[in-house]
Amino acid sequence: MVMNLEKVVPFGRSLDEYIKMFNLTENDFKKSILSVADGPASFNAEGTKLGYKINSVDPLYIFSGEEIKRRFCAVVDDIIKQVENTPNDWVWSYHKSPQNLRKNREKVIALFCADYEIGKKDNRYNIGQLPRLKYDKNQYELGLVSHFLFLYSAHFDQQFHINSIDEILRICREVRIFPLITLQNKISPYLQFIITYLENKGYKCKLEKVSYQLQRGGNQMLIITK
Ligand SMILES: C[S@@+](CC[C@H](N)C(=O)[O-])C[C@H]1O[C@@H](n2cnc3c(N)ncnc32)[C@H](O)[C@@H]1O
């Protein structure tokens, strides 16, 4: 598996952000969860402490915690500056300000790093890369994808999205994806085609509003059920 760390923006989100991005309920946390493209989020670290059954998969996990943290430190100033320079692109209901966003991201990567080695030993952080993952059919009840599919529509084409979603649906009984907009804050050009494709295969697709919003217009998730 080839992955160039220089190309990765190792920004991760917290358990609270995952709860709000995916409308997660107490009942959802009784399920086995696979968080795909989970990167340096603290969802797994924080959730495991609360007794939840969360597995994370990401190609990033070929790197050590130190390497991931170093990459975060190398890019954080620049990213926060870009955010400050594009004030109309962001909604501050959750993070309040660019500087607070930075603090929240620092907190998340610290929680991730503190859990990462033990989590790897416990098999909670698995190296894996869409569109093919090494899990069994129906191994998980709920699959989550935060800030990867649809967001990077300019980097990954429609066929990659279809193959990836088919693969996650092979593994998980239900899949939720957030956000549905691209890095340019536009609805992904693949979204409608993919919904039609999935419905023709017999899946139920639902667009659901969520309370989390940072990218302006990014407050909807896609729920796919069998
Ligand atoms: C913006 S981060 C999101 C991290 C986390 N889901 C969150 O929301 O905090 C995107 C993640 O996608 C991962 N990624 C890149 N290519 C991937 C692939 N082919 N399959 C799975 N994950 C991939 C990156 O390594 C990175 O960790």
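Below, the discussion takes up the pattern of salt bridges. The tally for this structure, following the rule as stated, stands at 13 salt bridges. Where lysine 20 meets aspartate 16, a salt bridge forms, and the shortest distance between an N and an O atom there is 2.9 Å. You can see lysine 20 and its partner aspartate 16 sitting in helix H1 (residues 15-21), four residues apart, about one turn around the helix. Among the ionic pairs, aspartate 115 bridges to arginine 124, the shortest N-O distance being 2.8 Å. A residue is classified by how much of its surface remains accessible, and aspartate 115, at 11% relative accessible area, is buried. Each of Asp28, Lys31, Glu174 and Arg176 takes part in a single network of salt bridges with overlapping partners.

Around the ligand, 19 residues are found, and the nearest of them are Arg13, Ala37, Asp58, Leu130 and Ser146. Tyrosine 18 has a polar side-chain atom sitting 2.9 Å from a nitrogen atom of the ligand. Within the complex, 93% of the 600 Å² of free accessible area of the ligand lies under protein. Judged by the proximity of its atoms to the pocket grid, the ligand belongs to the largest pocket.

Our focus in this paragraph is the layout of surface pockets. Roughly 1,400 Å³ of volume is contained in the largest pocket. At the level of secondary structure, the elements contributing two or more residues to the lining of the largest pocket comprise helix H3 (65-84) and helix H4 (98-121). Counting residues per element, the lining of the largest pocket draws most heavily on H3, at three residues. Of the residues belonging to the lining of the largest pocket, the class tally is 30 nonpolar, 14 polar and six charged.

On to the nonpolar core, then. By size, the foremost hydrophobic cluster in this structure holds 37 residues, and its most contacted members are Tyr18, Phe22, Leu24, Phe43 and Leu144. When contributions to this core are tallied by element, the ones reaching two or more residues are H1, helix H2 (43-49), H3, H4, strand S4 (140-146) and strand S7 (220-225). Here this core takes seven residues from H3, the largest share from any one element. Excluding its chain neighbours within four sequence positions, the residues that come into contact with leucine 24 are Tyr18, Ile19, Phe29, Phe43, Leu142, Leu144 and Arg176.

To continue, consider the environment of aspartate 157. Here aspartate 157 lies in the loop between S4 and helix H5 (158-171). From its side chain, aspartate 157 meets the backbone nitrogen of glutamine 159 in a polar contact 3.3 Å long. In this structure the side chain of aspartate 157 is engaged in a polar contact, spanning 2.8 Å, whose partner is the backbone nitrogen of phenylalanine 160.

Of all seven residues making up S4, six are buried, and the element is well covered by its neighbours. Where strand S1 (residues 32-36) meets S4, four bridges bridge the pair, whose relative direction is parallel. Along S4, the bridge assignment pairs leucine 34 with glycine 143. Both S4 and strand S5 (residues 172-178) contribute to a ladder of six bridges, which runs parallel. Within the sheet, the bridge partner assigned to tyrosine 140 lies in S5 and is cysteine 172. Read from S4 through H5 to S5, the crossover connection turns out right-handed.

Rules behind the numbers
- Residues numbered from 1 in each chain as written.
- Predicted model: local features only at pLDDT ≥ 70, side-chain atom pairs only at ≥ 80, totals over all residues.
- Heavy atoms only, no water.
- Salt bridge = Lys/Arg side-chain N within 4 Å of Asp/Glu carboxyl O.
- Helix = DSSP H or I, 4+ residues; strand = E, 2+ residues; numbered from the N terminus.
- Buried < 20%, exposed > 50% of the residue type's maximum accessible area, 1.4 Å probe, protein only.
- Near = heavy atom within 4 Å.
- Polar contact = N/O pair within 3.5 Å; in protein donor to acceptor, adjacent residues only side chain to side chain.
- Areas by Shrake-Rupley, 256 points an atom, 1.4 Å probe, with all protein chains shown as cover.
- 1 Å grid on protein atoms, 1.4 Å probe; cavity = no way out; pocket = protein on both sides within 12 Å on 5 of 7 lines; lining within 4 Å.
- Sits in = over half its atoms within 2 Å of the grid points.
- Points joined across faces, edges and corners; volume = space filled by probe spheres on them.
- Nonpolar A, V, L, I, M, F, W, Y, C, P; charged D, E, K, R; others polar.
- Core = buried A, V, L, I, M, F, W, Y, C linked by side-chain atoms within 4.5 Å.
- Contact = heavy atoms within 4.5 Å.
- Pairing = 2+ DSSP bridges.
- Right-handed = clockwise from strand over helix to strand, strands pointing away.

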